[in-house]
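Residue-level structural notes
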Amino acid sequence: MSRILLIAVALLFLGLFLAMPLLAVFAQAFSKGLAVYAAAISDPMALAAVQLTLWVAAIAVPLNLVFGVAASWAIAKFEFRGKSTLITLIDLPFAVSPVIAGLVFILIFGTHGWFGGYLRAHHMRVVFAVPGIVLATVFVSFPFIARELIPVMQTQGNDDEETALSLGATGWQTFWRVTLPNIRWGLLYGVLLCNARAMGEFGAVSVVSGHIRGLTNTLPLHVEILYNEYNYTAAFAVASLLALLALLTLAGKSVLEWRQPELRRVAGTRQDRTRRGHP
Amino acid sequence: MSISLRGVSKQFGEFAAIEHIDLEVPTGALMALLGPSGCGKTTLLRVIAGLETPDEGQVLFDGEDATLWPIGARKVGFVFQQYALFRHMTVFENIAFGLQVKRRSERPRAALIRKKVQDLLELVQLQATHDRYPAQLSGGQRQRVALARAMAIDPQVLLLDEPFGALDSQVRHELRRWLRRLHDELHFTSIIVTHDQQEAIEVADTVVVLNRGRIEQSGIPGEIYDRPSSAFVHRFLGQVNELPVEWRNHRGYVGPLLVSESAQEANAAQVALIRPHELEIGTPDAGWRASIVAIRVIGPIVRLDLCAEGQPIHEPLEAEISRERFEAEAFKLGQHVGVKFRRWQVYPKN
């Protein structure tokens, strides 16, 4: 009885707070028919926003990929001073409000910021331009890949890498042939989440973007502008693109998790790692 | 290849893993590094492999200073307890790895690699498994693949870090014998790390016992077993009965039994160590009076726990006799017997 009650509560909650809003987005988006929907998402401003969002993600995700792999490698495989500080710092973007993240970049790169004078003298813009948006996005989407990889790498230990080196492989060969295949699913999962966040970020990007239509508007910002202009149908049409991204991410995540049992079986060599005798 | 260590030390933070180790491993030797966990045996092996850099001292390969050589340049085959097989590669690909990562100018042609891997698979008796993945193999098979993979680069030295520790005792026994045969056929220099004294004695020509980062004793297995140089080695190499020695007038006694004589009084506490098979059990009127409090039949031998009466020990003595003797004498629980010591050794207590 209590089991049924628990499941019912969970389902009701999910329905109320997750499924219903998602449905509402699509319902509202298509409320005036397919033609209006198509017009809304093929509007030049909307297309510009899509393009910018894709660009920003295309820069931010690879940057975080490289950093995430490097950081988790360092944390999982080496002992060094300041390691716990590094782990804490990686989590900082999770802990801090995105608005503050945005303001920090204004403080550093804005007209009156630390590097404001230098940037103006060299005719460069960071804040209220694409570089600022990229910076803010990198900042907020930064922990996902490292967070995903650290536990994976920690459980795998160093034995595989040390074996590869003892067999004469170089550092690069070891990374490409041994480490990367060992972490690929965790990495892919991290990239997926990082990408979802990079494309969906609102707060930090909103502060540094300046909302210049067709130039510094990302998809989430474009949705807000349309909404503020009472253009609900168009706002929801564009929002449906973001919702679709979320659904695709979830689908991708499920596929990866569905692969996990197989992965765990292959990882069986590691599961009996109960009595490692390193002094 | 011969290996020499000269004054090698390695610290991890405050913890001195190994201290001033001097060691000679002659070409073609099969040496066991034996000790309890934390004694530094794995660190020592990793220093030889080049996986750790010593803080002090030198590692010589054939007389040449190899202390700072990277692991890839040392031509050592390293085998881990947990096999460390590359999970995403088949058995064939695992074994071929060391050949395939060679620089293009040194890499053998594909046909040669295939031939070599096949020879190695034959050597480890796993021809049928070449296209399987590690997850599809048993523990013993995995460890043999790991050995074949290490041997593919024609190592001068084979280093094995508790290679059979994760296997059940029967497979372990078979693999030990197989490794010994392999070594006798191929004559490479091998060092095996183990905490299992039986394994060390069974497989190695030379056993080096380590304790707290230092070499306690080294020698051929029989010698170490028969003449341990310290109480630690004596205890570590097998079961012992430990009896306190009491000194009166330059004479050491265990109860009424004289066990040691010395010109000067020993100033630290001493113990006499006696192995279970060095106890002699007879009629109650000969030696210490004791009663049998436990009997365990273990295949061809029988272990008896004996409670001595009126003697300076509180724990039961452990005795070992043959099954034949046990059956001939028909010992029973609670029976009174007499206990004598055939042999003992006296050491400072720690």
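Rules of the game
- Residues numbered from 1 in each chain as written.
- Chains lettered and ligands numbered in written order.
- Predicted model: local features only at pLDDT ≥ 70, side-chain atom pairs only at ≥ 80, totals over all residues.
- Helix = DSSP H or I, 4+ residues; strand = E, 2+ residues; numbered from the N terminus.
- Buried ≥ 20, exposed ≤ 12 C-beta atoms within 10 Å, placed from the backbone.
- Contact = placed C-beta atoms within 7 Å.
- Pairing = 2+ DSSP bridges.
- Axes fitted to C-alpha atoms, helices over the stretch in contact; angles between N-to-C directions.
- Domains from an automatic or database assignment.
- Core = buried A, V, L, I, M, F, W, Y, C linked by C-beta atoms within 7 Å.
- pLDDT = per-residue confidence, 0-100.
- Left-handed = near helix turned anticlockwise from the far one by under 90°.
- Nonpolar A, V, L, I, M, F, W, Y, C, P; charged D, E, K, R; others polar.

Of regular secondary structure, chain A possesses 14 helices and 0 strands. Scanning chain A from its N terminus toward the C terminus, one meets helices and strands in the order α-α-α-α-α-α-α-α-α-α-α-α-α-α. Seen through its C-alpha atoms, chain A measures out along the principal axes to roughly 70 × 65 × 35 Å. The buried share of chain A, reckoned over its 279 residues, is 35%.

Each helix and strand in chain B was counted, giving 9 helices and 20 strands. Projected onto its principal axes, the C-alpha coordinates of chain B cover approximately 80 × 45 × 35 Å. Partitioning the intrachain contacts of chain B with sequence separation of at least 6 by distance along the chain shows that 65% fall at a separation of at least 24.

This part is about the sheet that holds strand 20 (residues 345-348) of chain B. Residues and elements named next belong to chain B. The strand order across the open sheet formed by 5 strands is 13-12-11-14-20, and the pairing between neighbours is antiparallel. Because the sheet does not close on itself, it has two edges, and the strands there are strand 13 (257-261) and strand 20. Across the sheet, the mean angle separating the axes of adjacent strands is 40° when strand polarity is ignored. Strand direction decides the pairing type here: strand 11 (residues 241-248) and strand 14 (residues 270-274), joined by 5 bridges, are antiparallel. Residue pairing in the sheet places Leu243 in a bridge with Ala272 of strand 14.

Glancing now at the interface of chain B and chain A. Listed as interface residues are 33 residues of chain B and, on the opposing side, 23 residues of chain A. Of all elements in the fold, only helix 1 (41-49), strand 6 (76-79) and helix 2 (91-100) of chain B reach the threshold of two or more residues within the side of chain B that touches chain A. Counting residues per element, the side of chain B that touches chain A draws most heavily on helix 1 of chain B, at 3 residues.

This next bit is on the sheet that holds strand 4 (residues 56-61) of chain B. Pairing within the open sheet is antiparallel, and its 4 strands lie in the order 2-1-4-5 (chain B). Of all strands in the sheet, those with a lone pairing partner are strand 2 (15-25) and strand 5 (64-65) of chain B, marking the two edges.

Turning to the domain arrangement of chain B, a few remarks are in order. Residue and element names in this part refer to chain B. Here the domain parsing of chain B yields domain 1 (3-236) and domain 2 (241-348). Centre-to-centre separation of domain 1 and domain 2, based on C-alpha positions: 39 Å. Contact with domain 1, which involves 4 residues of that partner, is made by 4 residues of domain 2.

The next thing to look at is the pairing of strand 9 (residues 206-211) of chain B. All names here are of chain B. Burial analysis of strand 9 places 5 of its 6 residues in the buried class, the great majority of the element. By the bridge criterion, 4 bridges tie strand 3 (residues 30-34) to strand 9 in an arrangement that is parallel. Directly across from Leu33, in strand 9, lies its bridge partner Val208. Here strand 9 pairs with strand 10 (residues 214-219) via 5 bridges, running antiparallel.

Moving on, we come to helix 2 of chain B. Helix 2 of chain B sits mainly inside the fold: 7 of its 10 residues count as buried. Among the structural elements, helix 3 (110-123) and helix 4 (139-151) of chain B are those in contact with the buried residues of helix 2 of chain B.

Core analysis: the largest hydrophobic core is formed by 76 residues, its most contacted members being Ala32, Leu33, Ile48, Ile95, Ala148, Leu159 and Val208 of chain B. Ranked by the residues each element gives to this core, the list is headed by helix 4 of chain B, at 6 residues. Setting aside residues no more than four positions away along its own chain, Ala32 of chain B makes contact with Ile192, Thr194, Ala200, Val203, Ala204, Val207 and Val208 of chain B. Membership of the second largest hydrophobic core comes to 57 residues, among which are Ala57, Leu135, Ala146 and Ala235 of chain A.

Residue and element names in this part refer to chain A. Residues of chain A with pLDDT of at least 70 account for 93%, and the chain-wide mean is 85. In the model of chain A, helix 14 (residues 268-271) stands out as the element of lowest mean pLDDT, 39, in contrast to helix 9 (residues 159-166), which has the highest, 93. This model gives residues 262-279 a pLDDT under 50, and the stretch forms 30 contacts once residues within four places in sequence are excluded.

The subject of this paragraph is the packing of helix 3 (residues 44-77) of chain A against helix 8 (residues 143-156) of chain A. In helix packing, the relevant descriptors are the interaxial angle and the interaxial distance, both defined with respect to the helix axes. All names here are of chain A. Closest axis-to-axis distance for the helix 3/helix 8 pair is 8 Å, and the angle between their directions is 35°. As helix 3 runs across helix 8, the sense of the crossing is right-handed. Contact with helix 3, carried on its side by Asn64, Leu65, Gly68, Val69, Ala71, Ser72, Trp73, Ile75, Ala76 and Lys77, involves Ile145, Ala146, Leu149, Ile150, Met153 and Gln154 of helix 8 and no other residues of that element. Residue composition of the contact of helix 3 with helix 8, grouped by class: 11 nonpolar, 4 polar and 1 charged.

Turning next to the environment of Lys253 of chain A. Residues and elements named next belong to chain A. Note that Lys253 resides in helix 13 (residues 232-266). Exposure remark for Lys253: the 15 C-beta atoms within 10 Å place this residue in the partly exposed category. Counting along the chain gives 64 residues from Lys253 to Tyr189, while the straight-line C-alpha distance between them is 6.4 Å. Every residue in contact with Lys253, bar those within four places of it in the chain, is listed here: Tyr189 and Leu192.

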